[in-house]
Structure formats: C-alpha cells, structure tokens
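The primary structure of each chain is shown beneath.
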Protein chains: 2
Amino acid sequence: MKLHETARKGIETIREDRRYGARELSLLALDVLVDVVETSTTVEPTRLLGELRRATTDLESVRPSMAPIANAVRRVQADLPGILEASGGLLELKRDVLRRIDEEKMSIKESTEKIVDYAVPLLSGKRVMTHSYSSTVLEVLLKAEGSVPSVTVTESRPLFEGKRLAKRLSAAGIPVTLITDASAGHFISEVDIVLVGADSILPDGSVVNKIGTLLLALAARERGIPFHVVSDTYKWAERVELEEKGPEEVSAKPLSGVQVRNVYFDRTPAHLVSSIVTELGVFTPARFSSAMKERPART
Amino acid sequence: MKLHETARKGIETIREDRRYGARELSLLALDVLVDVVETSTTVEPTRLLGELRRATTDLESVRPSMAPIANAVRRVQADLPGILEASGGLLELKRDVLRRIDEEKMSIKESTEKIVDYAVPLLSGKRVMTHSYSSTVLEVLLKAEGSVPSVTVTESRPLFEGKRLAKRLSAAGIPVTLITDASAGHFISEVDIVLVGADSILPDGSVVNKIGTLLLALAARERGIPFHVVSDTYKWAERVELEEKGPEEVSAKPLSGVQVRNVYFDRTPAHLVSSIVTELGVFTPARFSSAMKERPART
C-alpha cells in the first residue's frame, strides 16, 4: 500500500520540522490524513481505509517525543470501521472521514481555547519566563496581554525558536526580553512565574518538552516560584523516546574528535511541576495522572 | 598622568576579551604593568610609580566580575613604596618592580599547580561535566587524562567558549562530548561530577562564574552528584558586579521591540557548592569563607 506523494511529503515535513510544537504538528498530521483521502485514486472503500491505516502507522512513529501526533491520528483511526459500516459508498465514506478529521482538528483548537481561559487568571500581574516556542503558551500570553507586565523568553538552542516567540509577543505589544538558555538561572530572580508548553506528559506526571525546560523548572524551584505547564490531555503518553537530531545544528563545523550531542527534549519530573493547565481544568501532576488513568478508553 | 599606548591597548584587550577566564586575564593584567615599566619615558622614580598606580586603578575596574585581576595588580601596588625606598635609582627601581611582577605571575602559576594536585584525585574514575572554558579546569583535566573516562562540555553561549575547551581536551586524547547549555539538565544523568572554574568568590561562599554555571549546580543537586569549583584564593572578593555585554553577541540582528540581555556571569549560592579546591587545599564554601576572613591582610 503506497501513499500518494502529497501525503508522504506531509509526513516528511513533520519529521524534519524544527519550528513547531506538538500541538501544531498534530494538526499537520491530521492534514496528512486529509491529503490521503483527497489524493486517493482507489475505487474500493476498504482500500481507502488501508491507505489511511498506513498513513496513521507512519504518523504514529514520525516524532517519537510528541505523543499528541500519534494520539490525534489514532483517535480518527479508531472511528474509521464504524464510519465505513455506516457509509453508503466511496464518496460518502470520503465525506464522512473528512468530517471526522475536521471534528478532531476542531477539538484540538477548542481545547486550546479552554486552556487559555484556565491559564490567563494564573498570570495576572505576573512577570513570566518561558522557554522556546509553544503555540499554546503564545495563545495564552496573547490573551493575557495587558495583564502580564513582561515576558522573558529563552532563545532555545540549537535553532533559536525562542526568537520567533519573542517577535510574536513583541508585535502584540507585550514587553519582551530575550536571553540565552544559560541565563535562565540568573534571570529567574526577575520573574514571578514560569510557563511552558509540553510535547508529551507521562504517567508519572513528568513533562517532556523542548530541551532546557528542566533547567527552568530547577531554577523556579530554587527561587520558590510556580512552574506551570499548559497542555491539552492529548499529550498524555504511556512512554516516549527523546528524539536526537543531527550534530550540525549544534556545531556547523565538525570538531575533530569531539562527539556533539543534540537531544531535542528533556523530561521534567512531576515534583518540579506546580500545575498542568489542561482543557479540563488545572491539575497537579499527580491529579492529572490519576484523571488520565481513570478516564474511559475513548475521550 | 597618561599611559603609553601599549599599556592602554593591553587594558582594552582585557576589557574586550571574551575568550579567557579570570586567571588568564590576571596574568595579562600583570603584563600591562610590565608594559608600563618598559615603555615609561620618565626619569623620575616617583613618576614611574604614578604611572603604575594609574594603570593599577584602570585595571582594578576593567572587569568588574573578575576579582583576581584587581587582586593581582593591587598586591604588586602594595609593595611599590617599599621597593622605591629600597632602590638606588630609576634603573634599579625598574628591575625590582619587574622582579616583583614576575613573582606575582609565578605565584599565580604555582597556585594552579597546587590546585591541580588537590583536584585530580577527586576526579579519578569520574565522568565529568564542565561549563564554558576555564584554564584551571583545563589544567586539571589534562593532568587527570587517563583517569577520567569522559568529559561533557557545554558550548557556553553567546560566544561558544566551550567549543575551544572541547577541542583542547580532544587533542589531548580525552573523550569529549559537546552539548548545548540547555542540555545540561538532561546530560547530568550521564556524568558523576561537575567541575567548574570561578571568576570570583564572595564572602558568603557564593561563586561568580560564566553565566550558566548556576544551572549546572542546580542540575547536580537534583541528581545528587558533587559540584566542585577550582579556584585560587586570589578570586576572593568583597563584592563584584555581574558584567553585561552587547546584545549583538546574542542576536546579530536586532529584534524589533525585543530587549536582548547578555549578562556574562551568574552567582551560584554556597549551598549548591560541594567544595572549592584552592592552592591551600579543599574547602567547603563556609570553611573557605572563614579561612579568607581570618587570614592576615597580606597573603
């Protein structure tokens, strides 16, 4: 079962991406499923489902640190047999699958809106530090504009996604300071709160996010200020692998005899996390973990 | 009293330097005093001392985070009246001043040798993490070669001095891994000990060093491994100012509306420091502090 080039390219875009967080890439993953439906040339409904299953399988493993990508495509996948059964033919099947994918995208977007509503009151009057680029953090800060006196953003090596966040916030009129990642320990004394996104959240309540997050959490604890994570429940994952990328992103020139490591994510243990702000409300990591374990198999 | 151009250039070199630590720059500061003696055109012994005093004053404030520069030139300065009194004329004065400066340089170098002797046994069999570039750390690791299984070096933004250390260690046959500063929290789990230099040590036992050091100390405590500082006693300072450099080192292009901060040093509190390894032996920060406070005014 070979995928159409459009879908394969979409999957490669997600694999190679260094700009976006897990939430944005899960929306792109759903777009890949749209591409599969729209470019499929089969006349057999079951073959279309086979193509979608193939794309789902590829997408599940494309970014092993980012649970929501797999979670999003799996949730659509789980409904496909029922949709096939209810449909009266190929065209109807395609329409219903596209509708289901669209629902999933809407659900992710609505989750973000709810997270923003829960998170904004936590920030009122607080000087915020954040790390790298999280689209959920961006949404929260844009909504909190006016009530947040300043935001300190780490540049986020190796590819400086923090600069992009700083520019977006500045364009919205929020006073922004950009610092090196190494400076987070020093500048923590000039903020009141740390707010970061998440790529995945594990059963022990630990948070997988862009590398450097753990150091901000340690600095926040040392200073005695809250460390909040904004994350929808789609980021829950039984396990993840911490992705590593090419050394040339860290050092363009190879350094003779020196091994260069470029791990992209780190894991912040639950005991350093004050709260996880989700679309279902604000949880401690332990409460979030219980809520996820107790919920029904489908959400 | 105007200094000769050679001496003025030497002072500017120290001011603008981003490559060297406090120990190397204190040796360079002593070279500036040599330049003053060698380029002076005065025939008056007291005028020569005036020129040296002027250079000392400039050097005392040239790098406000680096105590040993001021300490080194002040110690020479303190002996000049006695040397003048004992000398039989300008030529003899010049010779004796140069001899005194040379003694001071020898003393700094001998201190490093003693520090190496005290530090090497602490590292035996340990995988080491270090930050940025410290010439004392380099000397220790070169001497420990063969007994240290690996060294993990942070790149040290903004100017990547860590790369220089990594290359030096690799050239000496030591297995080296280079990581981004943001990765220190992740890779701390792959080392047994953290070893850093110092630019200054304050009366409360806290350690001023290249920015990012504090985050390594927090990571070491979280993981429960030792955080050792190598520093000669010349780095003792009543107070220091944490220097800030130009934003263009962090972001070559200005970012519209974004304030870019480039503080060069941070302060690691004493409670995060396992030991300070000096030329007088290995101290806890508290013991080091008492020893410094109790010692005679001149060392």
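Bear in mind the structure is a predicted one, so any value in this text is a computation, not a measurement.

(A) Spotlight on the interface of chain A and chain B. Across the boundary between the two partners, chain A contributes 44 residues, which contact 44 residues of chain B. Around 3,600 Å² of area is buried between chain A and chain B when both sides are counted, 62% of it from carbon and sulfur atoms. When the area that chain A buries against chain B is broken down by residue, the three leading residues are A:Ala182, A:Leu215 and A:Glu222, summing to 17%. Taken together, the connections running from chain A to chain B amount to 6 salt bridges. A salt bridge links B:Arg261 to A:Glu190; the shortest N-O distance between them is 3.9 Å. Connecting chain A to chain B are 20 residue pairs in polar contact (both at pLDDT 80 or more). Looking at the side of chain A that touches chain B, the elements with two or more residues in it are helix 7 (161–171), strand 3 (176–179), helix 8 (184–187), helix 9 (213–223), strand 8 (258–260) and strand 9 (265–268) of chain A. Here the side of chain A that touches chain B takes 6 residues from helix 9 of chain A, the largest share from any one element. Along the lines of polarity and charge, the residues of the side of chain A that touches chain B split into 22 nonpolar, 12 polar and 10 charged. As judged from the 3 bridges shared by strand 8 of chain A and strand 3 (residues 176–179) of chain B, these two strands associate in the parallel manner. Note that in strand 3 of chain B the partner of A:Val260 across the bridge is B:Leu178.

(B) Up close: the packing of aromatic side chains. Summed over all chains, the structure comprises 6 aromatic pairs over all chains. On the basis of an interplanar angle of 55° and a centroid distance of 6.2 Å, the ring pair of A:Tyr264 and A:Phe265 is categorised as tilted. Taking relative accessible area as the criterion, A:Tyr264 reaches 3% and is therefore assigned buried. Residue A:Phe265 is classed as buried on the basis of its relative accessible area of 2%. Of the aromatic side chains, those joined through ring pairs into one cluster are A:Trp236, A:Phe283 and A:Phe288. In this arrangement the basic side chain of A:Lys210 is found over the ring face of A:Tyr264, its NZ or CZ atom lying 5.1 Å from the centre. Here B:Arg18 stacks its cationic end above the ring of B:Tyr264, 5.4 Å away from the centre of that ring.

(C) Spotlight on unusual backbone geometry. The amide bond that connects A:Arg157 to the next residue, A:Pro158, takes the cis arrangement and shows omega of 5°. Mapped onto the secondary structure, A:Pro158 falls in the loop between strand 2 (151–154) and helix 7.

(D) Region of the structure containing the nonpolar core. Counting residues in hydrophobic clusters, the biggest one holds 62 residues, and the most contacted among them are A:Met129, A:Val194, A:Phe227, B:Met129, B:Val194 and B:Phe227. Filtering out sequence-adjacent residues up to four positions away, B:Val194 remains in contact with B:Met129, B:Ile188, B:Leu216, B:Ala220, B:Ile225, B:Pro226, B:Phe227 and B:His228. The next biggest cluster of nonpolar side chains, apart from the first, holds 39 residues, and it includes A:Ala22, A:Leu48, A:Leu80 and A:Val208.

(E) Local environment of the relation of the copies chain A and chain B. With an RMSD of 0.0 Å, chain A superimposes on chain B once it is rotated by 180° and translated 0.0 Å along the axis. Those values place the two copies in the arrangement expected of a two-fold rotation axis. The fraction of interface residues of chain A whose copies in chain B are also interface residues reaches 100%, indicating that both copies meet through the same surface.

Scoring rules and cut-offs
- Residues numbered from 1 in each chain as written.
- Chains lettered and ligands numbered in written order.
- Predicted model: local features only at pLDDT ≥ 70, side-chain atom pairs only at ≥ 80, totals over all residues.
- Heavy atoms only, no water.
- Contact = heavy atoms within 4.5 Å.
- Buried area = accessible area lost by both parts, 1.4 Å probe.
- Salt bridge = Lys/Arg side-chain N within 4 Å of Asp/Glu carboxyl O.
- Polar contact = N/O pair within 3.5 Å; in protein donor to acceptor, adjacent residues only side chain to side chain.
- Helix = DSSP H or I, 4+ residues; strand = E, 2+ residues; numbered from the N terminus.
- Nonpolar A, V, L, I, M, F, W, Y, C, P; charged D, E, K, R; others polar.
- Pairing = 2+ DSSP bridges.
- Phe/Tyr/Trp six-rings, centres within 6.5 Å; stacked < 30°, edge-to-face > 60°.
- Buried < 20%, exposed > 50% of the residue type's maximum accessible area, 1.4 Å probe, protein only.
- Lys NZ or Arg CZ within 6 Å of the ring centre and 35° of its normal.
- Core = buried A, V, L, I, M, F, W, Y, C linked by side-chain atoms within 4.5 Å.
- Least-squares fit on C-alpha atoms with pLDDT ≥ 70 in both.

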